[in-house]
Amino acid sequence: MDSALTLIGLPIALGVIMLGLGLGLTVDDFRRVAHHPKAAVIALVCQVLLLPALCFALVLAFDLAPELAVGMMLLAASPGGTTANLYSHLFGGHVALNITLTAINSVLAVFTLPVVVNLSAGHFLADGRSIGLQFDKVLQVFAIVLVPVAIGMLIRARVPRVAELLNRPVRILSVVVLVAVIAGAVLGERENIADYFVSVGLAVLAFNLLSLAIGYGVPRLAGVDRPAATAAGFEIGIHNSTLAITIALSPALLDNTRMAIPGAVYGIVMFFTAAAFGYLVTRVGARPAATSTGSAPA
């Protein structure tokens, strides 16, 4: 884990990804929360408080190995991923709300993620050791996550044409670097990957399905309209597994391959479950419209 690829590649990958996110954000994205205060508050409460508690219960229920348990909690504490915006767009969600929640969650995670990870490490690891993300690590995460986002937003505000030109190349570069780094880490653990998937796969699937259900169901029960609830469902159900993997693998942060396994498995599973969730929500939402259309002619 002390290779140049991991030591240099991971921070660069995450920094480039965050820069790409910033290139698509404006100050107005943070103000949009005022247009859907109920949906935004419910989604943030579910993301920051409910999901870590739910994940902790699942970890205990599945009796995961200590490092995998910490990896699951790291995943639960990670904010929503930018992929949620795409799924929300495809399945009729309120994309502006997704962007706002992604931005706010990314900022909140700088403070909440270290707390969740250290509490989890103290509970699950036998020696009770702290695994980083203390104040100096918080500053590192702050620098890696928020500074590139701020730079991207500044470019978008001052020279929007440059932001548009950089957007696609930055996304491609981030994917290439990240895939190379993660592939190197996975190849190093290839003899154990199947065992890891078996040991954590069911827990990851259960957590993913519950995240999607809570993200959509709780806002709907609170009277939030379907597009906003759909956006919340994807935002809460599609965690930023990239961030979780990067923090787990980076020597400057956790430097632990086993803690990255839940995020890696989640990153695969969520694409299929999110598509199924979007199809289901679309069908359920379309049914009343179809019924009313059919009953209109008297």
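- If you look the chain up in an unreviewed UniProt entry, it shows as Bile acid:Na+ symporter, BASS family from Micromonospora echinaurantiaca.
- UniProt lists a comment for the chain under the heading Subcellular location (unreviewed entry), and it reads "Membrane".

### Description of the overall build of the chain
- If you tally the helices and strands in the chain, you get twelve helices and zero strands.
- When the elements of the chain are put in sequence order from the N terminus, they spell out α-α-α-α-α-α-α-α-α-α-α-α.
- By residue count, 48% of the 298 residues in the chain fall in the buried class.
- When contacts within the chain are restricted to residue pairs at least 6 apart in sequence, long-range pairs at least 24 apart make up 82% of them.
- Approximately 13,800 Å² of the chain is accessible, and the part contributed by carbon and sulfur atoms is 70%.

### Here's the deal with the UniProt feature "transmembrane region" (unreviewed entry) in the chain
- Sites flagged by UniProt as "transmembrane region" (unreviewed entry) map to residues 6–27, 39–62, 95–117, 137–157, 169–187, 193–216 and 260–281.
- Between the C-alpha atoms that bound residues 260–281 the distance is 31 Å, and the span itself is 100% helix and 0% strand.

### Quick word on the nonpolar core
- Core analysis: the biggest nonpolar cluster contains 66 residues, and L64, M72, L74, F207 and F234 have the highest contact counts within it.
- Where this core is concerned, the elements lending two or more residues are α3 (37–62), α4 (66–77), α5 (83–90), α6 (95–124), α9 (190–221), α10 (226–237), α11 (241–249) and α12 (257–295).
- For L64, the residues in contact, after removing those within four places along its chain, are V59, A69, M72, S199, V200 and A203.
- The next biggest cluster of nonpolar side chains, apart from the first, holds seven residues, and it includes M18, L25, V149 and M153.

### So, a nonpolar patch on the surface
- On the surface, F62, L202, L205 and L209 cluster together into a nonpolar patch covering about 350 Å² of accessible area.
- By residue number, the principal contributor to the nonpolar patch is α9, which donates three residues.
- Structurally, the position occupied by L209 is in helix α9.
- For L209, a relative accessible area of 44% corresponds to the partly exposed category.

Criteria and cut-off values
- Residues numbered from 1 in each chain as written.
- Predicted model: local features only at pLDDT ≥ 70, side-chain atom pairs only at ≥ 80, totals over all residues.
- Heavy atoms only, no water.
- UniProt positions renumbered as here; feature names shortened; annotations may be inferred.
- Helix = DSSP H or I, 4+ residues; strand = E, 2+ residues; numbered from the N terminus.
- Buried < 20%, exposed > 50% of the residue type's maximum accessible area, 1.4 Å probe, protein only.
- Contact = heavy atoms within 4.5 Å.
- Areas by Shrake-Rupley, 256 points an atom, 1.4 Å probe, with all protein chains shown as cover.
- Core = buried A, V, L, I, M, F, W, Y, C linked by side-chain atoms within 4.5 Å.
- Patch = residues over 30% accessible without salt bridge, like charges linked within 9 Å, V, L, I, M, F, W, Y side chains within 5 Å.
- Salt bridge = Lys/Arg side-chain N within 4 Å of Asp/Glu carboxyl O.

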